[in-house]
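# Analysis of the macromolecular model
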Amino acid sequence: MPEKQTRKELEQRVKRAFRAFCFSLFGFFILIPPGYLSYAQDNTKKEVLILNSYHRGYRWTDDITEGIESVLRAESEDVSLYIEYMDTKRVSDERYFHQLHEIYKHKFRDLSFDVIISSDDNAFNFLRKHRDEIFPGTPVVFCGVNFFKGSDLEGHDLFTGVNEEADFKAGIEIALRLHPDTKRIVVIDDRTTTGMKIHEKLMEIIADYQDSVNFVLLEDIEMERVQQIVKGLTPDSLVFYTSFYRDKSGKFFEYDESISLIAKRCSVPIYGAWDMHLGYGIVGGMLTSGYFHGEAVAKIALRILQGENVRDIPVIKESPNRYMFDYSQLDRFGISLSELPKGSIVINKPSSFYSEQKRLVWGVIASIAGLTFIIFILSLNIFKRKQAEERLKEAHDKLEERVVERTKDLNRTNEQLNLQLKERKRAEEALEKERNLLRTVIDNVPDYIYIKDTESRYLVSNNAFARFLGATTPEEVIGKTVFELFPKELAPKYYADDQEVIGSGQPLVNREERSVDQTNKSVVWNQTTKVPLRDSSGNIVGLVGIARDITKQVQAEKALRERTMALERSNKELEQFAYVASHDLQEPLRMVTSYTQLLARRYKGKLDSNADEFIAYAVDGATRMQEVINALLAYSRVGTRAKDLEPTDCNAVLERTLDNLQKAIEERGARVTSDPLPTVMADDIQLGQLFQNLISNAIKFQGEESPHVRLSAEKSGNEWVFSVLDNGIGIDPEFTERIFIIFQRLHKRREYPGTGIGLAISKKIVERHGGRIWVESKPEKGSTFYFTIPIRGENSHE
Ligand code: ADP
């Protein structure tokens with residue numbers, strides 16, 4: 001049976017490959033088949049003869065041989081097989097058997113076998129006849145003997161075997177079970193020896209189905225006819241094929257050829273009785289299998305080889321038939337596998353790999369399971385490791401994050417610190433710079449700067465002070481006291497001043513004091529300021545002194561004072577002189593005036609015309625001189641004949657003044673008005689003179705309209721500001737200063753009479769009262785003269 005052989009070989013190969021695989025993979029044993037363990041305890045080779053009735057290539061015979069070999073070769077390597085084919089399928093006459101007898105007698109004369117296995121009837125019959133002669137005493141195990149009867153072995157010792165009995169009943173039963181609607185079964189067999197035996201058996205069985213199924217027997221018939229019949233069968237028919245090797249015409253067909261020719265034409269399912277027909281067109285059935293027969297007899301032979309007595313081994317009556325099917329035919333006729341009896345063998349199964357390679361598959365599955373388990377364990381380990389790694393990574397990441405954050409924090413703090421450091425450095429540099437600047441300033445100012453502790457001991461001195469003390473550098477001064485640096489007459493005083501400042505906490509400011517320059521021992525004047533020096537808690541820890549040499553200033557002030565006094569003196573003298581001069585000049589001038597006037601009156605027209613003119617000039621000149629001298633006298637009297645300042649009601653003074661000016665006011669048609677005026681500390685005569693000068697000028701320098709003069713006074717701070725406003729000709733701003741100078745006039749006498757002394761007197765009066773005088777004016781727009789009188793004491797009121 002080639003399929004079985006292929007499958008077996010494949011299984012062996014796979015086993016070896018798998019074993020190698022397992023070994024290489026695990027390094028320990030997996031699946032070592034028991035057949036690989038050494039069987040031969042006995043080193044003597046066992047000789048076995050297989051005597052086949054038929055030829056090699058006849059499938060039945062080949063299947064039996066394969067079945068025998070599968071057991072003997074696999075079970076024991078110490079068995080030597082001798083296979084003989086009688087070829088009686090092809091030749092089976094008496095003569096041939098006789099010749100075979102002769103040949104074997106000769107052939108095996110020197111050979112002895114431990115056991116003989118015979119297949120099929122001819123070999124069995126030959127051995128029954130000739131064994132004692134050719135193989136005396138050798139046990140025989142037979143198979144393939146159709147329908148064996150116990151009587152067949154009568155008189156034959158040392159024979160045992162397996163009965164071959166096709167189970168037609170079971171075959172028909174299973175066919176009808178799978179095709180319950182079957183009405184007709186066409187049985188095909190031939191008229192050979194075996195065919196006749198089959199016919200006999202069939203007839204016994206058919207009787208049981210008389211009522212249900214119609215059996216048609218195709219026996220003595222040509223192949224063509226068989227083909228025609230099976231072709232025309234109705235679907236309620238089945239074919240039961242047993243054997244059809246020789247037809248009516250005597251034509252011989254090989255087993256595969258016969259069934260193939262029939263199956264090719266047949267439209268209904270064909271059931272068989274021998275497995276050698278399976279795969280050539282039959283659906284299957286309860287089949288007699290050469291391979292299983294071979295296996296069965298080989299197992300008996302093995303028992304004999306292992307020492308069992310053949311007499312103790314009975315003939316196996318039950319033929320090792322099996323339910324066997326062809327998947328392609330099952331599929332063709334719509335029969336599912338589940339309908340088949342349990343344990344059925346199905347060939348051509350598409351998914352039969354598992355069933356064929358069950359061990360391999362399970363081995364692989366076991367390996368895979370083992371591997372899976374290992375993989376699982378490893379995966380678990382990997383998973384756990386990964387988890388641990390992840391945890392570690394997480395922890396690491398967190399740690400890194402924290403490190404990064406901490407680093408950032410540190411960087412920030414560092415930056416801040418750096419910034420602070422930089423700022424501090426900058427501040428220190430700035431401080432240092434300032435200190436240097438301060439030190440430079442302190443060292444280079446001409447003033448004396450020093451710091452003393454509470455014991456009047458010098459802690460700091462600048463260059464100027466060190467020089468003043470006669471030292472070359474400030475360091476020479478540091479640590480010394482005033483007693484070591486100043487003369488005896490000065491030191492105690494300075495010490496006392498220091499202690500006063502330190503004790504009281506009150507500064508001594510700008511004290512002018514005499515001192516002695518220790519460089520040249522010259523007397524100098526210093527202006528000294530001493531300020532208490534406090535620590536951060538406010539405690540006095542010494543003093544800071546600043547002194548300035550004001551010797552030159554003191555000397556200049558003294559000189560100025562002296563000059564002012566001299567000036568005042570000379571001024572006084574001058575005023576006195578002016579007064580005396582003008583006063584004393586009045587008398588002779590009056591003489592000149594009165595006599596020239598007398599001359600004019602008495603001799604007018606009596607002398608020549610020039611004389612009249614000359615006399616007129618003389619009179620005019622004398623008059624003018626008188627006016628000038630009067631004015632000068634008046635001017636000098638402001639200083640010399642002054643009264644003390646008393647509270648003076650300005651309204652009363654104004655009233656008197658207007659009385660004096662009444663004539664001029666009337667002549668010019670002037671209007672003089674006034675706001676209420678205050679009472680001020682003044683010399684009322686001089687104040688009247690001031691009012692008169694200003695009002696008379698306001699009337700005199702009248703413009704195109706009749707004069708209007710207005711007086712008023714306003715309090716401003718500590719003084720009264722008086723104003724005299726007119727609508728006269730006004731003054732060019734260029735001359736507003738000049739007009740207050742004595743004898744300064746802006747007009748000719750012919751235009752406006754006057755001496756040019758009125759405003760000079762007014763200025764002098766105002767200044768004598770401690771005030772100022774000025775004018776604001778524009779030509780043609782009138783003028784306003786302002787003067788101030790200081791408000792003094794309680795006597796000043798409005
Ligand atoms: P006099 O009036 O005698 O000329 P003053 O000293 O009084 O002398 O005045 C000086 C000059 O100031 C005047 O000559 C005049 O030119 C000018 N002046 C004074 N008062 C006025 C005024 N109210 N309007 C215009 N000019 C004035």
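Described in the following lines is the structure provided in the data block. (Residues numbered from 1 in each chain as written. Predicted model: local features only at pLDDT ≥ 70, side-chain atom pairs only at ≥ 80, totals over all residues. Heavy atoms only, no water.)

## Structural notes on unusual backbone geometry
- With a phi close to 60°, D87 is a non-glycine residue in the positive phi region.
- We note that L158 has phi near 60°; this positive angle belongs to a residue other than glycine.
- In this structure L158 comes out as buried when scored by relative accessible area, which is 14%. (Buried < 20%, exposed > 50% of the residue type's maximum accessible area, 1.4 Å probe, protein only.)

## Description of the site of the ligand
- Near the ligand there are 19 residues, and of these N697, K700, R745, T755 and L759 occur at the shortest range.
- In this structure, R745 approaches the ligand through a side-chain N or O atom, which is 2.6 Å from an oxygen atom.
- Between the ligand and the protein, one listed contact pairs an oxygen atom with a backbone N or O atom of G756 at 2.9 Å.
- Protein chains shield 97% of the accessible area of the ligand, which is 520 Å² for the free molecule.
- Judged by the proximity of its atoms to the pocket grid, the ligand belongs to the largest pocket.
- For the shell around the ligand, the secondary structure elements donating two or more residues are α20 (684-700) and α21 (758-768).
- Here the shell around the ligand takes three residues from α20, the largest share from any one element.
- Looking at the shell around the ligand residue by residue, the class counts come to nine nonpolar, seven polar and three charged. (Near = heavy atom within 4 Å. Polar contact = N/O pair within 3.5 Å; in protein donor to acceptor, adjacent residues only side chain to side chain. Areas by Shrake-Rupley, 256 points an atom, 1.4 Å probe, with all protein chains shown as cover. 1 Å grid on protein atoms, 1.4 Å probe; cavity = no way out; pocket = protein on both sides within 12 Å on 5 of 7 lines; lining within 4 Å. Sits in = over half its atoms within 2 Å of the grid points. Helix = DSSP H or I, 4+ residues; strand = E, 2+ residues; numbered from the N terminus. Nonpolar A, V, L, I, M, F, W, Y, C, P; charged D, E, K, R; others polar.)

## Comments concerning the packing of helix α17 (residues 609-640) against α21
- Packing of α17 against α21 brings their axes to within 9 Å, and their N-to-C directions diverge by 5°. Considering their axes alone, α17 and α21 lie roughly parallel with respect to each other. The residues of α21 that touch α17, namely those facing A631, A634, Y635, S636, V638 and G639, are A760, I761, K764, I765 and R768.
- Residue composition of the contact of α17 with α21, grouped by class: seven nonpolar, two polar and two charged. (Axes fitted to C-alpha atoms, helices over the stretch in contact; angles between N-to-C directions. Parallel < 35°, antiparallel > 145°, perpendicular 65-115°, else oblique. Contact = heavy atoms within 4.5 Å.)

## Some details on the pairing of strand β20 (residues 679-682)
- Along β20, one buried face is formed by T679 and M681 and the opposite face, lined by V680 and A682, is buried too.
- With four bridges joining them, strand β18 (residues 646-649) and β20 adopt antiparallel strand pairing. Residue pairing in the sheet places D649 in a bridge with T679 of β20. (Pairing = 2+ DSSP bridges.)

## A word on the packing of aromatic side chains
- Taken as a whole and assessed by the stated rule, the structure comprises 34 aromatic pairs.
- For the ring pair F468 and F486, a centre distance of 6.4 Å and an interplane angle of 50° mean the geometry is tilted. Residue F468 is found in helix α13 (residues 463-468), and its partner F486 is found in the loop between α14 (482-485) and α15 (491-504); the two are separated by 18 residues along the sequence. As far as the burial class goes, F468 and F486 line up, both buried. (Phe/Tyr/Trp six-rings, centres within 6.5 Å; stacked < 30°, edge-to-face > 60°.)

## Description of the layout of surface pockets
- Taken as a whole, the largest pocket encloses approximately 1100 Å³ of empty space.
- Along the walls of the largest pocket sit 42 residues, with N693, S696, N697, K700 and G758 positioned nearest its centre.
- Counting residues per element, the ones that place at least two in the lining of the largest pocket are α17, α19 (662-668), α20, α21 and β24 (783-790).
- Its residues assigned to classes, the lining of the largest pocket shows 18 nonpolar, 15 polar and nine charged. (Points joined across faces, edges and corners; volume = space filled by probe spheres on them.)

## Re the sheet that holds strand β14 (residues 458-461)
- What the five strands build is an open sheet, ordered β14-β13-β17-β16-β15; its pairing is antiparallel. The sheet terminates laterally at β14 and β15 (508-517), the two strands that pair on one side only. If you compare each strand with its neighbour and ignore which way they point, the axes differ by 30° on average.
- Across the face of the sheet, α15 comes into contact with β13 (448-453), β15, β16 (522-534) and β17 (540-549) while running at roughly 160° to β15.

## Things to note about the packing of helix α16 (residues 551-603) against α17
- Closest axis-to-axis distance for the α16/α17 pair is 8 Å, and the angle between their directions is 155°. One element, α16, and the other, α17, form an angle in the roughly antiparallel class. In this structure, α16 meets α17 at a crossing whose hand is left-handed.
- When grouped by side-chain class, the residues that make up the contact of α16 with α17 number 16 nonpolar, twelve polar and four charged. (Left-handed = near helix turned anticlockwise from the far one by under 90°.)

## A closer look at the sheet that holds β24
- Here we have five strands laid out as an open sheet, ordered β19-β21-β22-β24-β23, and mixed in their pairing. Two strands bound the open sheet, and with one partner strand each, they are β19 (671-674) and β23 (773-777). Between one strand axis and the next, the sheet turns through 20° on average, direction left out of account.
- In terms of strand pairing, strand β21 (residues 708-716) meets strand β22 (residues 719-725) through seven bridges, oriented antiparallel. Bridge pairing in β22 places L711 opposite V724.

## Comments concerning the pattern of salt bridges
- Counted according to the given criterion, the structure contains 35 salt bridges.
- A salt bridge links R548 to D447; its shortest N-O distance comes to 2.8 Å. Taken together, the residues R548 in strand β17 and D447 in the loop between α12 (358-444) and β13 connect sequence positions 101 residues apart.
- Here R656 makes a salt bridge to D684, at a shortest N to O gap of 3.8 Å. Within this pair, whereas R656 is found in helix α18 (residues 650-660), its partner D684 is found in helix α20, the two being separated by 28 residues in sequence.
- Judged by relative accessible area, which is 41%, R656 ranks as partly exposed.
- A single salt-bridge network, built from bridges that share partners, covers K493, D497, R511 and E513. (Salt bridge = Lys/Arg side-chain N within 4 Å of Asp/Glu carboxyl O.)

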